[in-house]
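Fold and contact review
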Amino acid sequence: FSKYQRNKNVLKRIPGPPERVIIGHMGIFMQDTDSMFTRMRNFSKQYYPIYRFSTLYVDIVNFLKPEDIELVLSSTKHLSKSKIYTFLYNWLGTGLLTSTGTKWHNRRKILTPAFHFSILQQFLHIFNDETGKLVEKLEQECGKTIDVVPPVTHFTLQSIAETAMGISSIDERHQKEYKKAIYEIGHIFLRRLTKPWYRINAIYSMSKLAEEENATVKILHDFSTNIIAEREKERTTNVSQNMAFYSKKKRLAMLDLLLSAKNDGADIDYEGIREEVDTFMFEGHDTTSMAISFMLLVLANLQDIQTKILSEILNVVGPTKIPTYEDLQNLKYTERCIKETLRLFPSVPFISRYASEEFTTKTGYTIPEGTVLHIHIFDLHRNAEIYPEPLKFDPDRFLPEQVAERHPFAYIPFSAGPRNCIGQRFALLELKTVLCGILRRFALEKVDDMHDIEFRPDLVLRPKEDVKVKILPRQQTVQ
Ligand code: HEM
């Protein structure tokens, strides 16, 4: 890399000379995607608090300071996602994650009630049942070291299918195919991203990679189409039971809400429903799966934290009782540990927007319209200026008095502002439920050091290798 100024208008210090500009030559794109994650971390350190990454075809400004991040995320002007999200269109269409403008606004309005707390309360028994099944599965692994990601992913996939989609279960074969396709689509996305010539649709569509993408998307779409068909069948054959399931206020879970909206003539057709099913199946299982897996890794590493969480669970819920919604709300220490896990291991490590008009950052740069804006959640959360000893796992960082001292945009695992994560309360509830189930039955022991974990670039924060934890039967002596 050479560090120099390319286009004075793109990133302009006010006052003073332009700086902090990296020009990427083609060499970077030819390198393997493996080192990309580490390279991004190095740039963030070297060029903090803001830098421009410039290539032949795009200018990206990278934001690392909460004050600047707030400007982007809280604004109603920069709500559009950047061009890289268009690489997901073949699979996700323009569902809630990828859409813009009126379409996004209307969909968000339709879908928000599906995550109301009265709906989430009704999901709790599903989280509890699925936790029971996960615990049974782990029981067979007692005494062994396992990669926790596969069983946890099975749990989160089953949970999102049963809750948001209202499906009773997904058979093992379809689950396997779907999980494999999700890994593949992430890999294809990355390979396309790092090859500039694949930005030109005409070239990409003739490539071997596009062929691979189409085959993978077919598997993913078959999966979502089956879910919709199954739910439609269940709705017509089981009307009275369905009505009893939902609250008297007639709030519906996600897929039922969309099917009803379509039947009532709202502006959504079958394709529209499928893009949301694809979006929510993915966002609703992969993010939580990584969060739970990293949480188990942290607890296996830090016995004192594990003991304290278990102690809180035993005091608030008890040794065997199935947790109620209220119990879970009272797990305050556990919640702080979940937050600290998502600080160190944010399931979505970066997000990207498009500047729809010129603005000036708090750090003093003019960002012209059309610039791609990258927000590095991973680096923000590990910034030593904001979080002293950033690698230290310290749940007290989330005590109200400590939170009050930080900038509100210093912690954004669920993004923030109008386009924040619609599923964040769903995720917290799921995480707390599964922790209750696992920690009361098993003691987790360290295998790998949590700070030795290396990541690979993907749609979510993924480890390069397994997340290994040793599972032992718990002697419930902690009080
Ligand atoms: C620990 C778990 C989770 C984390 C860390 C997380 C994080 C995020 C982040 C950072 C975004 C912003 C993405 C962007 O701007 O590109 C987002 C958006 C979104 N999330 Fe989550 N998420 C989690 C769980 C969930 C769950 C459980 C669901 C669904 C049940 C969900 C559904 C969505 C959707 C649909 C969006 C797009 C929202 C919009 O643009 O209006 N997420 N999530």
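Report on the accompanying structure. (Residues numbered from 1 in each chain as written. Predicted model: local features only at pLDDT ≥ 70, side-chain atom pairs only at ≥ 80, totals over all residues.)

The subject of this paragraph is the site of the ligand. The environment of the ligand is made up of 26 residues, and the closest members are E283, G284, T287, C421 and G423. Those elements giving two or more residues to the shell around the ligand turn out to be α13 (270-301) and α19 (424-441). Top contributing element to the shell around the ligand by residue count: α13, with 7 residues. The class makeup of the residues in the shell around the ligand is 16 nonpolar, 7 polar and 3 charged. (Near = placed C-beta within 6 Å. Helix = DSSP H or I, 4+ residues; strand = E, 2+ residues; numbered from the N terminus. Nonpolar A, V, L, I, M, F, W, Y, C, P; charged D, E, K, R; others polar.)

We now examine the pairing of strand β4 (residues 50-54). Counting buried residues in β4 gives 5 out of 5 residues, a clear majority hidden from the surface. Because side chains alternate across β4, one face comprises the buried residues I50, R52 and S54, and the other comprises Y51 and F53, equally buried. For β4 and strand β5 (residues 59-63), the ladder comprises 5 bridges, and the chain directions are antiparallel. Across the sheet, residue I50 finds its bridge partner in β5, namely F63. (Buried ≥ 20, exposed ≤ 12 C-beta atoms within 10 Å, placed from the backbone. Pairing = 2+ DSSP bridges.)

Take the sheet that holds strand β14 (residues 468-473) next. With antiparallel pairing, the 3 strands of this open sheet are ordered in space as β6-β14-β11. Both outer strands of the open sheet, β6 (145-147) and β11 (442-446), are each paired with one neighbouring strand and no more. Going from strand to strand, the sheet's axes swing by 45 degrees on average, the running direction of each strand aside. In this sheet, β14 lies alongside β6 in antiparallel orientation, the contact comprising 3 bridges. Of the residues in β14, the one forming a bridge with D147 is K468. Contacts from α13 reach β11 and β14 within the one sheet, and its direction differs from that of β11 by about 80 degrees. (Axes fitted to C-alpha atoms, helices over the stretch in contact; angles between N-to-C directions. Contact = placed C-beta atoms within 7 Å.)

Topologically, P408 is positioned in the loop between α18 (400-405) and α19. Sequence separation between P408 and E70 is 338 residues, and the spatial gap between their C-alpha atoms is 8.3 Å.

Leave glycine aside and you will find that most residues have negative phi; peptide bonds, for their part, are mostly trans. The amide bond that connects Y48 to the next residue, P49, takes the cis arrangement and shows omega of 10 degrees. On the secondary structure map, P49 appears in the loop between α2 (36-47) and β4. The phi dihedral of E389 falls on the positive side, at around 45 degrees, and the residue is not glycine. Its location among the elements puts E389 in the loop between α17 (377-381) and α18. The class of E389 is exposed, set by 8 C-beta atoms lying within 10 Å. The phi dihedral of S415 is positive, around 60 degrees, even though this residue is not glycine. By the secondary structure assignment, S415 is in the loop between α18 and α19.

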